[in-house]
Amino acid sequence: MQTDRSAAQPPRSPRPAAPRLLYARPGIVVTAERFTVGRNSWPVAEITQLRTDRGPHDRLAIRAVAVSAAMIAAVGLLLGFTGGLHRLTAGAYLMLGSVGLVPLLLVLIGDRVRPPSHELWGRVRGTEVLLFSSDDERQFGQVARALGRAREAARLGGWADPPAAEPWRPAR
């Protein structure tokens, strides 16, 4: 039994500070030290030359545009070689012109239904790497901003608290 009122246990050593968490969702974690997406993880200090880009268009939409453009061109060539273009009325020419807009409409609909993904690229140890890709513009913006803040903190030397200053008072 201790009678001098000292602690029964030795004093605890201070725990190391947990890394500052800037963004966390399932599969994506951005801390002040690391950027983790799925199974890939990179030190923030080694990521340079960040840039954003848009991914490729949907393959199905590209194929639909190519097939429709080829079919329209084939019909036009067939009419041209058979001499059928001379016998067409003005309404038929307007119909051919409006059918020529089908590939453009397919492109617009395909980009609306399945837009290209947003991509975040960076250079890690001299190699260009796709760091993150998302169809959700909001999530992509949050991740990109969090990684930007982490890089800025790494460049400036960490997340130190600003020095305390005395409040300004006017001279009287």
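Before any of the text, the structure's been laid out above.
All of these numbers come straight from a predicted model, not from anything done at the bench. Counting from 1, residues in each chain are numbered in the order their sequence is written. Side-chain atom pairs in this predicted model are given and counted only at pLDDT of 80 or more, local residue features only at pLDDT of at least 70, and totals for whole chains, interfaces and linings cover all residues. Side-chain measures were taken over the full set of non-hydrogen atoms in the model, leaving aside hydrogen atoms and water.

**Notes on the sheet that holds strand β7 (residues 127–134)**
Being paired, for any two strands, means DSSP has found at least two bridges between them. Strands here are runs of E lasting at least two residues and helices are runs of H or I lasting at least four, both read from the DSSP assignment and numbered beginning at the N terminus. What the three strands build is an open sheet, ordered β5-β6-β7; its pairing is antiparallel. Taken across any chain shown, the strands that pair with only one partner, and hence form the sheet edges, are β5 (47–54) and β7. Neighbour-to-neighbour, the strand axes of the sheet open up by a mean angle of 25°, direction not taken into account. Should any heavy atoms of two residues lie within 4.5 Å, those residues are considered in contact. Axis definition: a line fitted to C-alpha atoms, limited for helices to the stretch in contact. Angles are taken between N-to-C directions and run from 0 to 180 degrees. Across the sheet, helix α4 (residues 137–156) lies against β5, β6 (118–124) and β7, angled at about 165° from β5, the strand it touches most.

**Concerning the pairing of strand β2 (residues 28–31)**
Two faces, one strand: in a regular strand the side chains alternate between the faces of the sheet. Pairing of strand β1 (residues 21–25) with β2 involves four bridges; the strand directions are antiparallel. Across the sheet, the residue bridging to A24 is V29, located in β2. With antiparallel pairing between neighbouring strands as the criterion, β1 and β2 make up a hairpin whose turn holds two residues, including G27 at a positive phi of roughly 90°. As consecutive antiparallel partners, β2 and strand β3 (residues 34–37) are separated by two residues.

**Structural notes on the nonpolar core**
Judged by nonpolar contacts, the single largest core of 19 residues is most densely connected at V30, F35, W42, I47, L131, F132 and L147. Elements supplying a minimum of two residues to this core: β1, β2, β3, β6, β7 and α4. Broken down by element, the residue count for this core peaks at five residues, all from α4. Put simply, buried Ala, Val, Leu, Ile, Met, Phe, Trp, Tyr and Cys residues joined by side-chain atoms within 4.5 Å make one nonpolar core. Classification of residues uses two cut-offs on accessible area relative to the type maximum, computed with a 1.4 Å probe and protein chains only: under 20% is buried, over 50% is exposed, and between them is partly exposed.

**Digging into the packing of aromatic side chains**
A pair of aromatic rings is counted whenever rings of Phe, Tyr or Trp (Trp by its six-membered ring) have centres within 6.5 Å, and the orientation is called stacked for planes under 30 degrees apart, edge-to-face for over 60 and tilted otherwise. Evaluated as defined, the whole model comprises two aromatic pairs. Ring centres of F132 and F140 lie 6.2 Å apart, and the angle between their planes is 10°; on these two criteria the pair is classed as stacked. One exposure class covers both F132 and F140, and it is buried.

**Some thoughts on a nonpolar patch on the surface**
What goes into a patch is any residue over 30% in relative accessible area without a salt bridge, connected to like charges within 9 Å or, for nonpolar side chains (Val, Leu, Ile, Met, Phe, Trp, Tyr), within 5 Å. Working definition of accessibility: Shrake-Rupley area with a 1.4 Å probe, residue cover restricted to the visible protein chains. Throughout this description, the term salt bridge denotes a Lys or Arg side-chain nitrogen within 4 Å of a carboxyl oxygen of Asp or Glu. On the surface, L101, L104, L105, L108, I109 and V113 cluster together into a nonpolar patch covering about 600 Å² of accessible area. In this structure, V113 sits in helix α3 (residues 102–113). With relative accessibility at 61%, the residue V113 sits in the exposed group.

**Some remarks on the packing of helix α1 (residues 59–82) against α3**
At a minimum axis separation of 9 Å, α1 and α3 run at an interaxial angle of 175°. When the axes of α1 and α3 are compared, the pair comes out roughly antiparallel. Contacts from A61, A64, V65, S68, A69 and I72 of α1 reach α3 at V102, P103, L106, V107 and G110. Each residue gets one label: Ala, Val, Leu, Ile, Met, Phe, Trp, Tyr, Cys and Pro are nonpolar, Asp, Glu, Lys and Arg are charged, and the others, such as Gly, are polar. Looking at side-chain class alone, the contact of α1 with α3 contains nine nonpolar, two polar and no charged residues. An angle counts as roughly parallel when it lies under 35 degrees, as roughly antiparallel when it exceeds 145, as roughly perpendicular when it falls between 65 and 115, and as oblique in every other case.

**Thoughts on the side chain of H118**
Following the sequence through the fold, H118 ends up in strand β6. With residues up to four places along the chain from it excluded, the contact list for H118 reads D53, R54, F132, S133, S134, D135, E137 and F140.

**Focus: the sheet that holds β2**
Across a sheet, paired strands are connected by hydrogen bonds in the backbone, their directions being either parallel or antiparallel. Taken together, four strands build an open sheet; the order of strands is β1-β2-β3-β4 and the sheet is antiparallel. The open sheet is flanked by β1 and β4 (40–43), the only strands paired with a single partner. Along the sheet, successive strands turn relative to each other by an average axial angle of 5°, direction set aside. Contacting β1, β2 and β3, α4 runs over the sheet at an angle of about 150° to β1.

**Let's talk about the pairing of β3**
Burial along β3 is one-sided: F35 and V37 are buried, and none of R34 and T36, which face the opposite way, are. Across three bridges, β2 lies against β3 in antiparallel orientation. Across the sheet, residue V30 finds its bridge partner in β3, namely F35. By the bridge criterion, four bridges tie β3 to β4 in an arrangement that is antiparallel. Across the sheet, F35 pairs through a bridge with W42, a residue of β4. The antiparallel pairing of β3 with β4 creates a hairpin that spans two residues between the two strands, and G38 there sits at a positive phi of about 60°.

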